[in-house]
Amino acid sequence: NECHSLEKTFTIYSQSLKDKLIAKSDLESDLRHALSTGKQLSMVYQPILNTKTGALVACEALVRWQHPVRGYVSPNEFIAIAEQSALINLLSRWIIAKVAEDCHRLVENNIRIRMSINLSRKQFSDAHLVKRLSQEKMTLFPADQEINLEITESALFQNTQYAISLMHKLKTAGFDLSLDDFGTGYSSLASIQQFPLDNVKIDRAFICNCVENPRDGLFLQTMSDLAHHLNLTITAEGVESSEQWQLVSDKGIDYIQGYLISMPLPIEKFIEFDPAP
Ligand code: C2E
Ligand code: MG
Ligand code: MG
Ligand code: MG
């Protein structure tokens with residue numbers, strides 16, 4: 001009996017493992033196809049406001065994939081798949097080209113704001129990153145477009161010395177740099193001072209219970225003080241209620257982003273977005 005159930009468990013396990021492998025290989029070739037046509041992929045933009053004034057100051061570009069069979073696939077999932085193959089290079093080129101095109105549309109509509117673009121860990125460790133990005137900045141984007149690159153802790157702490165020198169080169173090429181999802185990794189608050197950053201983004205895990213949980217409130221205050229002490233600005237992501245906006249504002253956090261203000265929007269909708277309706 002025990003054996004039987006074990007066997008059953010094993011079958012189920014190996015079946016699900018197999019399913020996972022199939023799913024992975026399918027998604028990889030499906031993504032390759034999506035990239036060659038460009039039709040299933042799109043970019044959306046989430047507004048970022050000045051916490052005190054509510055003015056629109058920036059937006060974050062987020063990639064979307066509408067799979068013909070599976071429907072919506074999370075970028076967390078397909079970026080990981082792209083990173084395991086060479087597809088990440090094609091994908092990041094596609095993203096930059098699309099974002100650049102949309103920056104021109106914003107300028108045409110008199111919307112001049114900073115554009116924040118995510119770099120995955122693999123993208124960040126690409127030896128040609130600086131050369132490619134500075135070329136793309138000069139040839140594809142509107143002149144004077146402010147571009148912020150969001151990098152996660154795991155990318156920075158992979159190889160600290162390499163990361164620091166790469167970041168200096170990106171700064172020289174005219175990019176601003178944000179540390180994304182701060183607080184979720186292993187780095188201590190103080191260890192971020194060695195990197196040439198402009199901004200830190202506090203992960204939404206610290207925002208979602210910050211009104212109820214005094215420890216999260218204290219963390220936000222500490223982070224905010226530290227960021228300002230290091231001459232960095234600080235952004236709260238995942239702000240979903242006006243109480244959270246108020247608290248984050250009380251802590252002196254400079255910028256906010258979250259569903260309370262807006263979901264990430266396709267460019268047409270973003271152009272119509274009014275921060276103070
Ligand atoms: P991220 O860079 O931390 O992006 C913020 C994520 O939080 C986005 O999820 C956004 O839709 C979501 N979000 C924003 N406001 C709220 C809120 O109020 N509540 C909640 N619950 N969520 C909120 P998304 O678009 O699913 O992206 C997930 C992650 O995938 C991103 O995390 C980023 O690491 C990665 N990603 C997305 N687009 C790109 C891209 O173009 N390139 C790269 N390299 N990575 C990307
Ligand atoms: Mg981000
Ligand atoms: Mg983030
Ligand atoms: Mg996050």
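Further up the page is the structure itself.
A brief look at the structure comes next. Everything numeric in this text was worked out from a predicted model, so none of it was measured. (Residues numbered from 1 in each chain as written. Chains lettered and ligands numbered in written order. Predicted model: local features only at pLDDT ≥ 70, side-chain atom pairs only at ≥ 80, totals over all residues. Heavy atoms only, no water.)

Taken together, 26 residues lie near ligand 1, and Arg64, Asp180, Asp181, Glu240 and Tyr259 sit nearest. Separating an oxygen atom of ligand 1 from a side-chain N or O atom of Asn118 is a distance of 2.9 Å. Gln123 is positioned with one of its side-chain polar atoms (N or O) 2.9 Å from a nitrogen atom of ligand 1. In isolation ligand 1 offers 800 Å² of accessible surface; the protein chains occlude 87% of this area. Judged by the fraction of its atoms near the pocket grid, ligand 1 is located in the largest pocket. Counting only elements with at least two residues in the shell around ligand 1, the list comes to strand 1 (41-50), strand 2 (56-67), helix 2 (75-84), strand 4 (114-119) and strand 6 (176-182). The leading source of residues in the shell around ligand 1 is strand 2, at four residues. Here the residues of the shell around ligand 1 are counted per class, giving 11 nonpolar, seven polar and eight charged. (Near = heavy atom within 4 Å. Polar contact = N/O pair within 3.5 Å; in protein donor to acceptor, adjacent residues only side chain to side chain. Areas by Shrake-Rupley, 256 points an atom, 1.4 Å probe, with all protein chains shown as cover. 1 Å grid on protein atoms, 1.4 Å probe; cavity = no way out; pocket = protein on both sides within 12 Å on 5 of 7 lines; lining within 4 Å. Sits in = over half its atoms within 2 Å of the grid points. Helix = DSSP H or I, 4+ residues; strand = E, 2+ residues; numbered from the N terminus. Nonpolar A, V, L, I, M, F, W, Y, C, P; charged D, E, K, R; others polar.)

Between its terminal C-alpha atoms helix 3 (residues 87-108) stretches 32 Å, which fits the 32 Å expected from 22 residues at 1.5 Å a residue. Within helix 3 the residues assigned to the buried category are Leu87, Ile88, Leu91, Ser92, Trp94, Ile95, Ile96, Val99, Ala100, Asp102, Cys103 and Leu106. (Expected span 1.5 Å × (residues − 1). Buried < 20%, exposed > 50% of the residue type's maximum accessible area, 1.4 Å probe, protein only.)

Attention now goes to the packing of helix 5 (residues 129-140) against helix 7 (residues 160-172). Put simply, helix 5 and helix 7 touch, their axes get as near as 10 Å, and they point 15° apart. Looking at the two axes, helix 5 sits roughly parallel to helix 7. For the crossing formed where helix 5 meets helix 7, the hand is right-handed. Taken together, the residues of helix 7 that come into contact with helix 5 (itself represented by Leu129, Val130 and Leu133) are Leu166, Lys169 and Leu170. Counted by class, the contact of helix 5 with helix 7 contains five nonpolar, no polar and one charged residues. (Axes fitted to C-alpha atoms, helices over the stretch in contact; angles between N-to-C directions. Parallel < 35°, antiparallel > 145°, perpendicular 65-115°, else oblique. Left-handed = near helix turned anticlockwise from the far one by under 90°. Contact = heavy atoms within 4.5 Å.)

Of the pockets and cavities examined, the largest pocket occupies roughly 1,400 Å³. What lines the largest pocket is a set of 49 residues, among which Leu62, Asn76, Asn118, Asp180 and Asp181 lie closest to the centre. Classifying every residue of the lining of the largest pocket gives 20 nonpolar, 16 polar and 13 charged. Estimated volume of the second largest pocket: approximately 180 Å³. Along the walls of the second largest pocket sit 16 residues, with Arg114, Asn148, Ser178, Asn199 and Tyr255 positioned nearest its centre. Those elements that place two or more of their residues in the lining of the second largest pocket are strand 2, strand 4, strand 5 (147-152), strand 6, strand 7 (199-202) and strand 8 (233-236). (Points joined across faces, edges and corners; volume = space filled by probe spheres on them.)

Glancing now at the pairing of strand 5. Most of strand 5 sits out of view: five of its six residues are buried. Strand direction decides the pairing type here: strand 5 and strand 6, joined by five bridges, are parallel. Its bridge partner being in strand 6, Asn148 is matched across the sheet by Asp176. (Pairing = 2+ DSSP bridges.)

Our focus in this paragraph is the coordination of the magnesium ion (ligand 2). Coordination of the magnesium ion (ligand 2) by the protein is provided by Glu60 (OE), Asn118 (OD1), Glu150 (OE) and Asp180 (OD), with metal-donor distances spanning 2.0 to 2.2 Å. Binding-site remark: the magnesium ion (ligand 2) is held by donors from one chain whose sequence spacing is E-x57-N-x31-E-x29-D. Exposure remark for Asn118: the relative accessible area of 25% places this residue in the partly exposed category. (Donors = N, O, S within 2.8 Å, 3.2 Å for Na, K, Ca; no water.)

Inspection of every chain in the model, using the stated rule, returns five aromatic pairs. On the basis of an interplanar angle of 65° and a centroid distance of 6.4 Å, the ring pair of Tyr45 and Phe270 is categorised as edge-to-face. Note that Tyr45 is positioned in strand 1 and Phe270 in helix 10 (residues 267-272), a separation of 225 residues in sequence. Both residues of the pair, Tyr45 and Phe270, count as buried. Between Phe206 and Phe219 the ring centres are 4.2 Å apart and the planes differ by 20°, which places this aromatic pair in the stacked class. (Phe/Tyr/Trp six-rings, centres within 6.5 Å; stacked < 30°, edge-to-face > 60°.)

Bear in mind that shape data such as this cannot, by itself, settle questions of function.
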